[in-house]
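Report on the structure
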Amino acid sequence: MSGAMAAPATPRASLILPRASSQSSAGGLTSDRFAASNRRRGDFVFVVNPSGANGRTGKQWKQLLPHLRTRLADQCNICECITSGPSHAIDVTREAIKDGADAVIAVGGDGTLHEVVNGFFWKGSPVRALDRGPDHSTALGLIPLGTGSDFARTFGWTNDPRDAIDRIVRGVKSKLDIGVMEGPNRKPHFFVNVADIHLSAKAGYFASMYKRFGNLCYVFGALRAFWGHNNRDMRIKVNGGEWRTVHKVTALCIGNAKYFGGGMKITPTADPFSGNLEVVILQDFKWYDFLLKLHRLYGGTHLSVNGVSSIRVQSIEVAEVTANGDIFVQSDGEHFGFLPTKFSVLPGVVDFFC
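Residues numbered from 1 in each chain as written. Predicted model: local features only at pLDDT ≥ 70, side-chain atom pairs only at ≥ 80, totals over all residues. Heavy atoms only, no water.

An unreviewed UniProt entry lists the protein chain under the name DAGKc domain-containing protein, with Urochloa decumbens given as the organism.

This is the structure in structure tokens:
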């Protein structure tokens, strides 16, 4: 999937506003294609979710922009794109890659990063530039400014966005794995951090309703998810092998990286450069088990706890034993749907500033 190929025919998205140091951002200058004269230095597209963290992301971005221009404007064309709603970041990322951007940087939380990552693909294949040749690739970057920055925790990064700009300026990149998930319609969807099933996914679904409370949204989401929760038997198929039954599953988590839910180190041995996913299964947990063992879940020391198991996979399929269509699935904190779902990994498919 990562080989050289012509760019897929993606729909054109909203226009991107060039903000190079030699251009004024006033007056609404827009371009359906990045200007050829500016291509010499390369285009770095910053995809900003202004409503993230209850609007704090937009305010922080405005404060950060002068520093960003000071550090980067002599190296590249700084192109700013302010998203206007759900899925907009997907569209503008695809458009930027088609137009030959050298980098697309997500500015926001895990939700913004999730959309940008999905914008690197179209119909299951990587998007390519239309006129930059088969060897050109667009790098992925992250400036974490949001309610949740769990992906950044895997690398031990601070919350200082200036540190993130320093990483982009240094230009050191590694080949990042990307997770793929397919539901009953077989349409691929991509994740970069953690996908999860059942209780934790249901908690994430409810947590999204309380984001105005910051990280407390995860507490409120968990309380709602526990109401009426029942552990369920599930069937799993690992690496295309035989189906087997896992009893009384409380949650099943598939980690490309380590953290989710506002700092819980749920898949503690996951490595997004390893070519594998870590699957952690919690079985027969009661509400009081979470209270007693919560410190171990956050500290990543829970793999030795009774009822917890971990395996490393290239792919795993998960289905209900008795199909009711009511077991939640989410990816990177975003609701995906319900079982059955197949998860797999694309090793080293995206260059990532780290």
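There is more to say after this.
A word on the overall build of the protein chain. Counting secondary structure elements, the protein chain contains eight helices and 18 strands. Per-residue burial over the protein chain gives 54% buried out of 354 residues. For the protein chain, the proportion of contacts with a sequence separation of at least 24, taken over those separated by at least 6, is 74%. Counting only carbon and sulfur atoms, one obtains 52% of the accessible surface of the protein chain, whose full area is about 15100 Å². (Helix = DSSP H or I, 4+ residues; strand = E, 2+ residues; numbered from the N terminus. Buried < 20%, exposed > 50% of the residue type's maximum accessible area, 1.4 Å probe, protein only. Contact = heavy atoms within 4.5 Å. Areas by Shrake-Rupley, 256 points an atom, 1.4 Å probe, with all protein chains shown as cover.)

On to unusual backbone geometry. Note the cis peptide between L339 and P340, where omega equals 5°. Within the secondary structure layout, P340 lies in the loop between β17 (334–338) and β18 (341–353). With a phi angle near 55°, A53 is a residue other than glycine that sits in the positive phi range. Within the secondary structure, A53 sits in the loop between β2 (43–48) and α1 (56–72). Positive phi, close to 55°, is recorded for D332, a residue that is not glycine. As for its placement among the helices and strands, D332 is situated in the loop between β16 (328–331) and β17. Classification of D332 as buried rests on a relative accessible area of 6%.

By secondary structure assignment, the location of K173 is in strand β8 (residues 173–182). Separated by 179 residues in sequence, K173 and F352 place their C-alpha atoms 5.0 Å apart. When residues no more than four places from it in sequence are discounted, the contact partners of K173 are A139, D351, F352, F353 and C354.

This part is about the pairing of β16. Every second residue of β16 is oriented toward a common face, with F328 and Q330 on one face and V329 and S331 on the other, all of them buried. Pairing of strand β10 (residues 194–198) with β16, which is carried by three bridges, proceeds in the antiparallel orientation. Following the sheet pairing, D196 is matched in β16 by Q330. As judged from the four bridges shared by β16 and β17, these two strands associate in the antiparallel manner. (Pairing = 2+ DSSP bridges.)

Moving on: the packing of helix α2 (residues 88–98) against helix α3 (residues 110–119). When two helices pack together, their arrangement is given by the angle between their axes and by how far apart the axes lie. Viewed as axis vectors pointing N to C, α2 and α3 meet at an angle of 40°, and their least axial separation amounts to 7 Å. The angle between α2 and α3 falls in the class oblique. Here α2 runs over α3; the crossing is right-handed. Residues H88, A89, I90, T93, R94 and I97 of α2 form the contact with α3, whose participating residues are E115, V116, N118 and G119. Across the contact of α2 with α3, the residue classes break down as four nonpolar, four polar and two charged. (Axes fitted to C-alpha atoms, helices over the stretch in contact; angles between N-to-C directions. Parallel < 35°, antiparallel > 145°, perpendicular 65-115°, else oblique. Left-handed = near helix turned anticlockwise from the far one by under 90°. Nonpolar A, V, L, I, M, F, W, Y, C, P; charged D, E, K, R; others polar.)

If you walk through the whole model with that rule in mind, you get 18 aromatic pairs. When the centroid spacing of 5.5 Å and the interplanar angle of 70° are considered together, the rings of Y205 and F206 count as edge-to-face. The exposure class of Y205 is partly exposed, given its relative accessible area of 30%. Aromatic pair W287 and Y288: ring centres 5.8 Å apart, planes at 80°, arrangement edge-to-face. Classification of W287 by relative accessible area gives exposed; the value is 56%. Each residue in the set F151, F155, W157, F273 and F352 is aromatic and connected to the rest through ring pairs, giving one cluster. A cation over an aromatic ring shows up here: R235 above the ring of W243, its NZ or CZ 4.4 Å from the ring centre. It is K293 that lies over the ring of F285; its NZ or CZ is 5.0 Å from the centre. (Phe/Tyr/Trp six-rings, centres within 6.5 Å; stacked < 30°, edge-to-face > 60°. Lys NZ or Arg CZ within 6 Å of the ring centre and 35° of its normal.)

For the protein chain, the mean per-residue pLDDT works out to 88, and 88% of the residues sit at or above 70. Taken together, the stretch residues 1–39 has pLDDT below 50 and engages in 91 contacts with residues farther than four places along the chain or on a different chain. (pLDDT = per-residue confidence, 0-100.)

Before going further, it helps to examine the side chain of H114. In this fold, H114 is placed in helix α3. Filtering out sequence-adjacent residues up to four positions away, H114 remains in contact with H189, F190, F191, S331, D332 and E334.

In this structure, L140 and I178 are the most contacted members of the largest nonpolar core, which totals 32 residues. Contacts of I178, omitting those with residues within four sequence positions, involve V117, F121, F190, F191, V192, N256, S344, V345, L346, V349 and V350. By size, the runner-up hydrophobic cluster in this structure holds 22 residues, among which are L64, I78, I165 and V169. (Core = buried A, V, L, I, M, F, W, Y, C linked by side-chain atoms within 4.5 Å.)

Right, let's get into the packing of α1 against helix α5 (residues 161–170). Two numbers describe how α1 lies on α5: the axes approach to 10 Å, and their chain directions differ by 20°. Here α5 runs roughly parallel to α1, going by the angle between their axes. Of the two elements, α1 crosses α5, and the hand of that crossing is right-handed. The segment α1 lies against α5, with L64, H67, L68, R71 and L72 engaging P161, R162, I165, D166, I168 and V169. Here the contact of α1 with α5 is built from residues that sort into seven nonpolar, one polar and three charged.

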